[in-house]
Amino acid sequence: MAVDRRRVPGEVRAALFFLAPGLLVIGLFFLLPIAASVLLSLTDFDIYALGDVRNVRVVGLRNFSRLLADPLFWTSLRNTFYFVLVGGPLTLSVALAAALLLHSKLVRWKGLFRTIFFAPYITTLVAVAIVFRYLYHPRFGGLNRVLELFGIPAIDWLGNPKWAMPAIILLAVWKNFGYAMILFIAGLQAIPESLYEAARLDGAGRLQLFRRITVPMLAPTFLFLGVLTTIGYFQFFAEPYVMTGGGGPLNATLSTGLLMYKQGFRWWNMGYAAAIAVVLGLVILAFSALQFRIERRRNA
Amino acid sequence: MKRPVASVLLHLVLLVGGVAALAPLAWMVAASLMPTGEANSFPPRFLPSRPTLVHYRELFTRLNIGRTFGSSLLVASATTIVSLLFNSMAGYAFAKLRFPGRDRLFGALLVAMVIPAPIAMLPLFLLLRSLGLVNSYAGVVLPAASTILGVFLIRQFARGIPDDLLDAARLDGAGELKLYRKIVLPLLRPVLTTLAIVTFLATWNDFIWPLIVLTDERRYTLPVALASLVGEHVQDTELMMAGSVLTVLPVLLLFLLLQKQYIEGITLGGLKE
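Parameters and conventions
Residues numbered from 1 in each chain as written. Chains lettered and ligands numbered in written order. Predicted model: local features only at pLDDT ≥ 70, side-chain atom pairs only at ≥ 80, totals over all residues. Heavy atoms only, no water. Helix = DSSP H or I, 4+ residues; strand = E, 2+ residues; numbered from the N terminus. Rg over C-alpha atoms; globule rule 2.2 N^0.38 Å. Buried < 20%, exposed > 50% of the residue type's maximum accessible area, 1.4 Å probe, protein only. Contact = heavy atoms within 4.5 Å. Areas by Shrake-Rupley, 256 points an atom, 1.4 Å probe, with all protein chains shown as cover. Lys, Arg positive; Asp, Glu negative; His and termini not counted. Charge placed at Lys NZ, Arg CZ, Asp CG, Glu CD. Buried area = accessible area lost by both parts, 1.4 Å probe. Salt bridge = Lys/Arg side-chain N within 4 Å of Asp/Glu carboxyl O. Polar contact = N/O pair within 3.5 Å; in protein donor to acceptor, adjacent residues only side chain to side chain. Phe/Tyr/Trp six-rings, centres within 6.5 Å; stacked < 30°, edge-to-face > 60°. Core = buried A, V, L, I, M, F, W, Y, C linked by side-chain atoms within 4.5 Å. Axes fitted to C-alpha atoms, helices over the stretch in contact; angles between N-to-C directions. Parallel < 35°, antiparallel > 145°, perpendicular 65-115°, else oblique. Left-handed = near helix turned anticlockwise from the far one by under 90°. Nonpolar A, V, L, I, M, F, W, Y, C, P; charged D, E, K, R; others polar. Patch = residues over 30% accessible without salt bridge, like charges linked within 9 Å, V, L, I, M, F, W, Y side chains within 5 Å. Expected span 1.5 Å × (residues − 1).

Visitor: Describe the overall build of chain B, listing the residues and the values that go with them.
Guide: Along the backbone of chain B there are 14 helices and 0 strands. Its helices and strands in sequence order give chain B the pattern α-α-α-α-α-α-α-α-α-α-α-α-α-α, from N to C terminus. Here the C-alpha atoms of chain B give a radius of gyration of 24 Å, more than 25% beyond the 19 Å that 2.2 N^0.38 yields for 273 residues. Across its three principal axes, chain B shows a C-alpha extent of roughly 75 × 65 × 35 Å.

This is the structure we're talking about:
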């Protein structure tokens, strides 16, 4: 014990030394800007303020009241919810289906299929968004060509306001399901086989096994992936930036993240953009909290 | 259903899925090798009539994509190395060094982890601007030089290092820095490897932050350069596909080589409670 006490000051000094770089980076480049964002949203910081900070005025909640009256903001929010609420569940459904297939005892070459399904997740979003942009071309694109085989007439995927969002969601599902699939497979492997055997002895059918054992046992994975996918999808940005010329057609793919980028970094309305960022952040936090809440209620 | 029939059906579904997963990437490679205009011919072709590297040549000579490639490599490598160093130092300190307020401080960081990053972007830009780091590689690397998630993962792993091992080395007169270099880092190697792959891939693929910070096209990373290129060259399908191949191929190869560690890494990050 005596040795311990003598050593403590040295260890505290060492801890300070080891923590300093990391905490400095996190504090200066993450925590400080987050706090500053809230303050920035209460000002009229714009291109004049960028030239001379003395041009900044505190405007209270005016940015927020402007935001609520801005139809473009509501459009972007609706698009973002469309993307999250359709794209998220779709991604996880495809992922779960793929995981169940690859978990089946009847399937061979599991490693190969796992690698193939996972490959899109590794790719660079901007690059594959450009690839899909060409695949969605109404005349030359590969997708319509495939649909034609089934007698489906050509669709102007990215040019039609009705189809642009589904097209972007399809890209997101293609690119992201592999990640969730890997975690679902890990979750499935963690379910003890004895649970299934016991239930089978009690005469449970296939569907019952799935509903009574598989789904509940995967609940933590569902929660983790649900929260993670929601957080990521709420911020979608590169897809409309690259594929639809910045949110077209007719703003059908304008996301809130893209609107924030345009307001802040293209038109330098940084106070207003900060208000958008704060609202988007609060929406994301609320959504994550909601999912934790649902999970806890289910457990109770 | 009979077993063999079910098995054939399952494999059929998997095969269709596999084709759907790979077809866009295969077409990207094929189109990048087509002579100009062939990707937009009617009826559409899937394979080049006579493969050519002319678009790759144009990217390297006229559009200087070699420099862009170098930027991407530099940013991704620097971010990986620096963040590995900073995260491993902090993660080790939180796991193994005894100091007052340690667990409370770590808990506060974990709470902050739920805050979505884009909220920070506007003030972060203004901060980097006042530091003169806009349009510099440092402006891209520094904000990612340490992340709460990285510190968290290292801490989880470092908790498995036995205290006796460290205390014995201390009694032998080893300094704290030597302890970290000679004992801690070698023991952390598995988690450092996975973290290195994950960080490199994420930085290589990152778009929005380099887009904001790098204003001079000579410093663009590949995704930023591609997004700007598609604006001017949207008609040059084959050229754009060659650019996409150059962007995607390195990370895809890296993944195929280090697949095991990478997948272990994401399951580690995903399943830790």
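Here the narrative resumes, following the displayed structure.
Visitor: Residues and numbers for the overall build of chain A, please.
Guide: Per the secondary structure count, chain A includes 14 helices and 0 strands. Rg of the C-alpha trace for chain A: 25 Å, well past the compact-globule value of 19 Å for 300 residues, more than 25% over. For chain A, the proportion of its 300 residues judged to be buried stands at 52%. Long-range contacts, defined here as pairs at least 24 residues apart, represent 68% of the contacts in chain A between residues at least 6 apart. Total accessible area computed for chain A in this model is approximately 14,500 Å², and 66% of it derives from carbon and sulfur atoms. Side chains of chain A carry 28 positive and 13 negative charges; the gap between the two charge centres is 3 Å.

Visitor: Describe the interface of chain B and chain A, with residues and values.
Guide: Between chain B and chain A, the contact holds 99 residues from the first and 79 residues from the second. A buried area of about 7,900 Å², summed over both sides, lies between chain B and chain A, and 82% of it is on carbon and sulfur atoms. Residue E11 of chain A is joined to R98 of chain B by a salt bridge in which the shortest nitrogen-to-oxygen separation is 2.9 Å. Counting every contact that joins chain B to chain A gives 11 residue pairs in polar contact (both at pLDDT 80 or more).

Visitor: Can you break down helix α5 (residues 121-130) of chain B residue by residue, with the values?
Guide: Two residues of an α-helix separated by three or four positions point the same way, owing to the 3.6 residues in each turn. The buried fraction of α5 of chain B is high, at 8 of 10 residues. One or two residues past the end of α5 of chain B sits G132 of chain B, with phi positive at roughly 70°.

Visitor: So what's going on with the pattern of salt bridges? Residues and values would help.
Guide: Taken as a whole and judged by the stated rule, the model has 15 salt bridges over all chains. Across the pair E193 of chain A and R200 of chain A runs a salt bridge, and its minimum N-O distance is 4.0 Å. Among the ionic pairs, E176 of chain B bridges to R170 of chain B, the shortest N-O distance being 2.7 Å. For R170 of chain B, a relative accessible area of 12% corresponds to the buried category.

Visitor: Please provide a residue-by-residue account of the packing of aromatic side chains, values included.
Guide: Residues and elements named next belong to chain A. Scanning all chains against the criterion turns up 36 aromatic pairs over all chains. Pairing F83 with F236 gives two aromatic rings, centres 3.9 Å apart and planes at 15°, and the pair type is stacked. Of this pair, F83 sits in helix α4 (residues 71-103) while F236 sits in the loop between α11 (219-234) and α12 (238-243), placing them 153 residues apart in sequence. Using a relative accessible area of 1% as the deciding quantity, one classes F83 as buried. Given the relative accessible area of 4%, F236 is considered buried. Plain terms: the ring middles of F237 and Y261 are 5.1 Å apart, the flat faces sit at 65° to each other, and that makes the pair edge-to-face.

Visitor: Which residues make up the nonpolar core, and what values go with them?
Guide: Core analysis: the biggest nonpolar cluster contains 147 residues, and F117, I130, M181 and M270 of chain A together with L122, W209 and M241 of chain B have the highest contact counts within it. Core analysis: the next-biggest nonpolar cluster, separate from the first, contains 38 residues, F99, A112, I161 and L166 of chain B among them.

Visitor: Can you break down unusual backbone geometry residue by residue, with the values?
Guide: All names here are of chain A. Of note, the amide linkage connecting G248 to P249 takes the cis form, showing an omega dihedral of -15°. At W109, a position not held by glycine, the phi torsion is positive, near 55°. Among the secondary structure elements, W109 is positioned in the loop between α4 and α5 (110-122).

Visitor: Could you give me a rundown of the packing of helix α13 (residues 256-266) of chain A against helix α14 (residues 270-299) of chain A, with the residues and numbers involved?
Guide: Residue and element names in this part refer to chain A. Running from N to C, α13 and α14 cross one another at 160°; their axes reach a closest spacing of 7 Å. As judged from the angle between their axes, α13 and α14 are roughly antiparallel. In this structure, α13 crosses over α14, and the sense of that crossing is left-handed. Counted together, T256, G257, L259, M260, Q263, G264 and F265 of α13 and M270, Y272, A273, I276, A277 and L280 of α14 form the full contact between these two elements. Tallied by class, residues from the contact of α13 with α14 come to 9 nonpolar, 4 polar and no charged.

Visitor: Talk me through a nonpolar patch on the surface; I want residue IDs and the actual numbers.
Guide: A surface patch of nonpolar side chains, about 440 Å² in accessible area, is lined by V146, L149, F150 and I152 of chain A. As for its placement among the helices and strands, F150 of chain A is situated in the loop between α7 (142-149) and α8 (161-189).

Visitor: Give a detailed account of the environment of L63 of chain B, specifying residues and quantitative values.
Guide: Residues and elements named next belong to chain B. Looking at the secondary structure, you find L63 in the loop between α2 (54-61) and α3 (65-96). Taking relative accessible area as the criterion, L63 reaches 23% and is therefore assigned partly exposed. Linking L63 and S83, residues 20 residues apart in sequence, is a C-alpha distance of 32 Å. The contact partners of L63, leaving out residues within four places of it in the chain, are E58, L229, H233 and L239.

Visitor: Account for the side chain of T80 of chain A, with residues named and values stated.
Guide: All names here are of chain A. Structurally, the position occupied by T80 is in helix α4. Within the local environment of T80, its side chain forms a polar contact with the backbone oxygen of S76, the two atoms lying 2.7 Å apart. Residue contacts for T80: discarding those within four places in its chain leaves F234, F236, S255 and T256.

Visitor: Can you lay out helix α10 (residues 189-205) of chain B for me, pointing to particular residues and giving the numbers?
Guide: Residue and element names in this part refer to chain B. The first and last C-alpha atoms of α10 sit 24 Å apart over 17 residues, in line with the 24 Å expected at 1.5 Å per residue. The buried fraction of α10 is high, at 12 of 17 residues. All of the buried residues in α10 are V191, L192, T194, L195, A196, I197, T199, F200, L201, T203, W204 and N205.

Visitor: Explain the environment of A95 of chain A to me, and be specific about the residues and the numbers.
Guide: All names here are of chain A. Among the secondary structure elements, A95 is positioned in helix α4. On a C-alpha basis, the gap between A95 and V173 in space is 8.9 Å, while along the polypeptide they are 78 residues apart. Setting aside chain neighbours within four positions, we find A95 in contact with F177, A180, M181 and F184.

Visitor: Give me the lowdown on the packing of α3 of chain B against helix α7 (residues 148-158) of chain B, citing residues and values where you can.
Guide: Residue and element names in this part refer to chain B. It is the contact of α3 with α7, at a shortest axis distance of 7 Å, that shows an interaxial angle of 50°. With respect to α7, the axis of α3 lies oblique. Pair α3 / α7 crosses with right-handed handedness. Residues N87, S88, A90, G91, Y92, F94, A95 and K96 of α3 touch α7, and the partners they reach there are G150, V151, I154, R155 and A158.

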